[in-house]
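# Inside the fold
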Amino acid sequence: MEALQIAILLFVAAAGTAVVFTREPAAQAIVISFYGLLLSIMFFLFQAPDVGLSQITVGAVALPLMILLALARVKKQGRGKIES
Amino acid sequence: MTRRVRRIFFLLSAVLLIAVFWNGYSKLPPVGALTGTYGDVVNAITVPERHITDAVTAVNFDIRGFDTLGEEFILFTSVMGAVLLMRRQSDEPGGDHEDRARDRVVPNPSDAVRVTALLLVAPTVLFGIYIVAHGQVSPGGGFQGGVILSTAPLLLYLSGTFGQFRRAAPQRLIAISEAIGAAAYILIGGACVALGGSFLQNLLPLGQSASITGGGTVVFIDLGVGLEVSGGIVLILLVYLEELMEEKEG
């Protein structure tokens, strides 16, 4: 495996963890967009440019957009409900 | 569940996951060294027999075109579902839902955002059409180009108002074009049967390789998918934004 491929795998792992540890939903939508962008670079580096293009359009644009649009509509619930 | 129990549970499952994952991963062939013959066959026939230089498009829209038909209708059905759920019913009380955020302040986009978004509208449309039209030549195609195209009216909304979004993309027109795009796939497949071939068999003259006219029926399937995907995403954006806008007014 080439150095670039190893590097992008590490970046994807780090970004995936960052998505989980971002607890504010609006901020999480932005982080997941960045994560989607990294995934598309990963697909590109593993010689799947078609999948990479789909990933950019869906993972980095459409998905965060839908999350943000849904969030904009819904009232904020009281915090600390999930944690116990 | 206390913190301690949760941590033990997590560690146990993490160890199990790593063991199973490593077992599978260590037996994978190295990157780029697959032993299957499918890839070789596809690479050998796409250019001479289909006049398509992007093998992925040849696989998606021709060699296993029927699967892609199913995939396209997954998107079509989800869009229909979303539109159906979000539709305004005549007996629905206006603007009074308990989960609705009332006190949210919607900040106006800054001038920098508005100008950038406005400047990006035309290049986005052009780039989307380019990606749709060149599916047979280079990476991309109807799906990717369709999503890119669907962001153009959104940029218009970012740089202006929702009214401008709606004028650029009237809901009825978008719904009709989405339906035409979806129907095109089946009609092309059916036309192949009517002409004496099998469903989605590539019967048209193949045209020239590495040009946007190469690939026979794939060109038209690609355009249909582009229309369907861009229409579908814009339709979802429209119903979502409509819901938000009503809240603003109410």
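Residues numbered from 1 in each chain as written. Chains lettered and ligands numbered in written order. Predicted model: local features only at pLDDT ≥ 70, side-chain atom pairs only at ≥ 80, totals over all residues.

## Observations concerning the overall build of chain A
This is how it is decided: Labels follow the DSSP assignment, with helices taken as runs of H or I lasting at least four residues and strands as runs of E lasting at least two, numbered in each case from the N terminus. A pair of residues counts as a contact when their C-beta atoms, built from backbone coordinates, are separated by no more than 7 Å.
When helices and strands are counted, chain A shows three helices and zero strands. Going from the N terminus to the C terminus, chain A shows its helices and strands as α-α-α. Nonlocal contacts in chain A, meaning residues at least 24 apart in sequence, comprise 50% of its contacts between residues at least 6 apart.

## Digging into the overall build of chain B
The condition is simple: Here the globule rule reads 2.2 Å times residues to the power 0.38, and the radius of gyration is calculated from C-alpha atoms. Put plainly, a residue is buried at 20 or more neighbouring C-beta atoms within 10 Å of its own, exposed at 12 or fewer, and partly exposed in between, counting only other residues' C-beta atoms, which are placed from the backbone.
Of regular secondary structure, chain B possesses nine helices and zero strands. In chain B, the succession of α and β elements from N to C terminus is α-α-α-α-α-α-α-α-α. Its C-alpha radius of gyration of 24 Å places chain B more than 25% over the 18 Å reference for a compact globule of 250 residues. With the C-alpha coordinates of chain B rotated into their principal frame, the extents come out at 60 × 55 × 40 Å. Taken over 250 residues, chain B has a buried fraction of 30%. In chain B, the proportion of contacts linking residues at least 24 apart, taken out of those at least 6 apart, comes to 70%.

## Considering helix α1 (residues 3–26) of chain B
Quick note on the threshold: Given the number of residues in a helix, its expected span is that number minus one, multiplied by 1.5 Å.
The terminal C-alpha atoms of α1 of chain B lie 34 Å apart, and with 24 residues this matches the ideal 34 Å at 1.5 Å per residue to within 8%. In terms of burial, α1 of chain B is largely open, as just zero of its 24 residues are buried.

## What to know about the nonpolar core
Which entries qualify depends on this criterion: In these notes, a nonpolar core means any group of buried Ala, Val, Leu, Ile, Met, Phe, Trp, Tyr and Cys residues linked to one another through C-beta atoms within 7 Å.
Judged by nonpolar contacts, the single largest core of 34 residues is most densely connected at Ile221, Ile233, Val234, Leu235, Leu237 and Leu238 of chain B. When residues of this core are traced back to their parent elements, those giving at least two are α3 (55–63), α4 (65–86), α5 (111–133), α6 (142–159), α8 (171–194) and α9 (217–249) of chain B. In terms of residue count, α9 of chain B provides more of this core than any other element does, 11 residues in total. Not counting the four nearest positions on each side in its chain, Ile221 of chain B is found in contact with Phe61, Gly65, Tyr185 and Ile188 of chain B. Within the second largest apolar cluster, five residues are counted, among which are Ala29, Ile32, Tyr35 and Leu39 of chain A.

## Focus: the packing of helix α2 (residues 38–50) of chain B against α3 of chain B
All names here are of chain B. Applied cut-off: For helices, the axis comes from a line fit to the C-alpha atoms of the stretch in contact; other axes are also lines fit to C-alpha atoms, and the angle between any two N-to-C directions lies between 0 and 180 degrees. An angle counts as roughly parallel when it lies under 35 degrees, as roughly antiparallel when it exceeds 145, as roughly perpendicular when it falls between 65 and 115, and as oblique in every other case. The residue classification treats Ala, Val, Leu, Ile, Met, Phe, Trp, Tyr, Cys and Pro as nonpolar and Asp, Glu, Lys and Arg as charged. All others, Gly included, are polar.
α3 packs onto α2 with a crossing angle of 75° between their chain directions and a minimal axis gap of 10 Å. As judged from the angle between their axes, α2 and α3 are roughly perpendicular. Each of Val42, Asn43, Thr46 and Arg50 in α2 lies in contact with α3, whose residues at this interface are Ala55, Ala58, Val59, Asp62 and Ile63. Partitioned by chemical class, the residues of the contact of α2 with α3 number five nonpolar, two polar and two charged.

## Topic: the interface of chain B and chain A
Contacts between the two partners involve 18 residues from chain B, matched on the other side by 18 residues from chain A. Secondary structure elements with two or more residues in the side of chain B that touches chain A: α6 and α9 of chain B. Broken down by class, the residue content of the side of chain B that touches chain A amounts to 10 nonpolar, four polar and four charged.

## What to know about the environment of Asp111 of chain B
Residues and elements named next belong to chain B. Inspection of the secondary structure puts Asp111 in helix α5. Residue Asp111 is classed as exposed on the basis of its 9 C-beta neighbours within 10 Å. Sequence separation between Asp111 and Gly142 is 31 residues; the distance between their C-alpha atoms is 33 Å.

## Examining the packing of α5 of chain B against α6 of chain B
Residue and element names in this part refer to chain B. The line we're drawing: Put simply, a crossing is left-handed when the front helix is turned counterclockwise from the back one by less than a right angle, and right-handed when it is turned clockwise.
Direction vectors running N to C along α5 and α6 enclose 160°, while the axes themselves pass 8 Å from each other. Classified by the angle their axes make, α5 and α6 are roughly antiparallel. α6 is crossed by α5, and the crossing has left-handed handedness. A per-class count over the contact of α5 with α6 returns 16 nonpolar, eight polar and one charged.

## Structural notes on the confidence of the model for chain B
Residue and element names in this part refer to chain B. Basically, it comes down to this: Think of pLDDT as the predictor's per-residue confidence, scored from 0 to 100.
Looking at chain B, pLDDT values average 86 and 91% of them are 70 or higher. By mean pLDDT, α9 is the weakest element of chain B at 85, and α1 is the strongest at 94. Here the prediction assigns the complex a pTM of 0.83, and the interface score ipTM is 0.77.

## Topic: the environment of Leu155 of chain B
Positionally, Leu155 of chain B belongs in helix α6. Measuring from C-alpha to C-alpha, the distance between Leu155 of chain B and Ala117 of chain B comes to 5.2 Å, with 38 residues separating the pair along the chain.

## Considerations on the confidence of the model for chain A
All names here are of chain A. Model confidence for chain A is summarised by a mean pLDDT of 85, while 88% of its residues fall at 70 or above. Model confidence for chain A, summarised as mean pLDDT per element, is weakest for helix α3 (residues 49–73) at 86 and strongest for helix α1 (residues 3–21) at 94. Low pLDDT, under 50, characterises residues 79–84; the stretch is placed with zero contacts to residues that sit more than four places away or in other chains.

## So, unusual backbone geometry
Positive phi, normally seen in glycine, also occurs at Gln47 of chain A, with a value near 60°. Tracing the chain through its elements places Gln47 of chain A in the loop between α2 (25–45) and α3.

## A word on the environment of Phe127 of chain B
Residue and element names in this part refer to chain B. Structurally, Phe127 can be placed in helix α5. You can call Phe127 partly exposed: it has 17 C-beta atoms within 10 Å. Here the alpha-carbon distance between Phe127 and Thr161, two residues 34 residues apart in the chain, equals 23 Å.

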